[in-house]
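Given next are the chains, with one letter for each unit.
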Amino acid sequence: MDEPARARPPRSTAEEADAMLYRRTVGDVMTEEVVTFRPTTPLQEVAALLDANDIVAAPVVDEDGAPVGVVSASDVLRHETGMPDPQGQDGNDERSWGKARARTAGALMSSPVFTARADWTIPRAARELRRRHVKQLPVVGDDGLLTGIVTRSDLLDAFIRSDVEIRGEVEQDVLGHILGLDEGAVAVEVRDGAVTLRGHVPEPRLVPVVVGLCQGVDGVVAVDAHLAAARAG
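This section reports on the structure supplied with the text. Please read all numbers here as calculations on a predicted model, not as lab measurements. (Residues numbered from 1 in each chain as written. Predicted model: local features only at pLDDT ≥ 70, side-chain atom pairs only at ≥ 80, totals over all residues. Heavy atoms only, no water.)

**Section: the side chain of Ser-72**
Here comes step 1: For Ser-72, the position within the fold is in strand β2 (residues 67-72).
Here comes step 2: Within polar-contact distance, the side chain of Ser-72 engages the side chain of Ser-74 at 2.8 Å.
Here comes step 3: Setting aside residues up to four positions removed in sequence, Ser-72 forms contacts with Leu-50, Val-56 and Ala-57. (Helix = DSSP H or I, 4+ residues; strand = E, 2+ residues; numbered from the N terminus. Polar contact = N/O pair within 3.5 Å; in protein donor to acceptor, adjacent residues only side chain to side chain. Contact = heavy atoms within 4.5 Å.)

**What about the pairing of strand β8 (residues 222-229)?**
Here comes step 1: As judged from the 8 bridges shared by strand β7 (residues 194-201) and β8, these two strands associate in the parallel manner. If you follow Gly-199 over to β8, its bridge partner there is Leu-227.
Here comes step 2: Between the parallel pair β7 and β8, the chain is carried across by helix α10 (residues 206-215), and the sense of this crossover is right-handed. (Pairing = 2+ DSSP bridges. Right-handed = clockwise from strand over helix to strand, strands pointing away.)

**As for the sheet that holds strand β3 (residues 116-117)**
Strand pairing within a sheet occurs via backbone hydrogen bonds; the two strands may be parallel or antiparallel.
Here comes step 1: Taken together, 3 strands build an open sheet; the order of strands is β3-β4-β5 and the sheet is mixed. Edge strands, defined here as strands with exactly one partner in the open sheet, are β3 and β5 (146-151).
Here comes step 2: Across 2 bridges, the pairing between β3 and strand β4 (residues 136-140) is parallel. Within β4, the residue paired with Ala-116 across the bridge is Val-139.

In structure tokens, the structure reads:
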């Protein structure tokens, strides 16, 4: 007869589970040392700094340090050709031609600027990048001042975790710390980010809970659960 899987009482709230299963945030992956421009920065200096730091864009900040726009290398290149954005993404023709004649970062920048917060989850920031059709987001604090910048590359790196790391988090944090299952009650296999679970849990209602928590682990791309409620001995 199967030994029933023993467990400590599950946490009473989703908030407690979230607190124990740590989620990396924008603050964990963002770059804190940010190249910035002022609205009055000459375009020659903008081009030189972008090139010297090998970056594709940088925020423009006001005198207090709050972002007011973004200047990209493509903006500079379009300016050098004397032509507006061929995709028409700069707005109306008058504004496009005005940017083509710009002499400062403030005149060339794209505005308003879309920003992120350091406490955002990685998926939330990724969705915002996609929704806004941008490659980076300045990160601001409660005061609206710049604290960092997060790029697509930063967010992708956060999802690239080894199978060993993912398995360890599932076994130790999800099954052990959060659900309190005995070691070995559920076998965990991870391959290319796909998690397979086999074993027993104390109650049927815990099956979707286990699956949901595993899906929330950074780097997990799929969860295949072969779980059953343990029979009472």
